[in-house]
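An overview of the molecular structure
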Amino acid sequence: MERKCSFIMALQKNLAGSLASIRAEQKKSLSEFAEELSISRSSLQDILKGKGNPTLSTVELMAEQLEMDPLLLLSCPESEMRAAVYLSYLLDWFQQLSSEKQQEFAAAASTILAILTGCKK
């Protein structure tokens, strides 16, 4: 039973961290973010404090509203979620570039990675 409780607590912590990261990145108030997630403000507050115990259907609804996989909300620690959010924004930005600009960016990123890893191109 103790293992089950710690597993549930880890899921609650991951969900709280994931939502906190996304909310911070979007710079939304509690009310705005709760509305976006289609849940009440008090439910969001409980979840963010790690006290909420949303049903799976609520987690699915929140993930759907955020256009992401529900497992990602439950399985990523806050630091990984922050990185995932940044990567998502970067990919959205990249897709909006022209093909020529995408190639330029890819070449620049390749050069930077080579410098950082000490590999020659």
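Before going into details, it helps to say that this report is about the structure given with it. Computed from a predicted structure; not experimentally measured.

Cut-off values and rules
- Residues numbered from 1 in each chain as written.
- Predicted model: local features only at pLDDT ≥ 70, side-chain atom pairs only at ≥ 80, totals over all residues.
- Heavy atoms only, no water.
- Helix = DSSP H or I, 4+ residues; strand = E, 2+ residues; numbered from the N terminus.
- Rg over C-alpha atoms; globule rule 2.2 N^0.38 Å.
- Axes fitted to C-alpha atoms, helices over the stretch in contact; angles between N-to-C directions.
- Parallel < 35°, antiparallel > 145°, perpendicular 65-115°, else oblique.
- Contact = heavy atoms within 4.5 Å.
- Core = buried A, V, L, I, M, F, W, Y, C linked by side-chain atoms within 4.5 Å.
- Buried < 20%, exposed > 50% of the residue type's maximum accessible area, 1.4 Å probe, protein only.

**Regarding the overall build of the protein chain**
Within the protein chain, the secondary structure is distributed over 7 helices and 0 strands. Ordered by position in the sequence, the α and β elements of the protein chain form the string α-α-α-α-α-α-α. At 18 Å, the protein chain has a C-alpha radius of gyration far larger than the 14 Å of a compact globule built from 121 residues. Based on the C-alpha atoms only, the size of the protein chain along its principal axes is roughly 55 × 35 × 20 Å.

**A closer look at the packing of helix H2 (residues 30-37) against helix H3 (residues 41-48)**
Between H2 and H3, whose axes approach to 9 Å, the crossing angle comes to 100 degrees. Classified by the angle their axes make, H2 and H3 are roughly perpendicular. Residues Leu30, Ser31, Phe33, Ala34 and Leu37 of H2 form the contact with H3, whose own contacting residues are Arg41, Leu44, Gln45 and Leu48.

**Points about the nonpolar core**
Counting 19 residues, the largest nonpolar core has Leu15, Leu19, Leu37, Leu44, Met62 and Leu73 as the members making the most contacts within it. Looking at this core, the elements with two or more residues in it are helix H1 (2-26), H2, H3, helix H4 (56-66), helix H5 (70-75) and helix H6 (78-95). For Leu15, the residues in contact, after removing those within four places along its chain, are Ile47, Pro54, Val59, Met62, Leu73 and Leu74.

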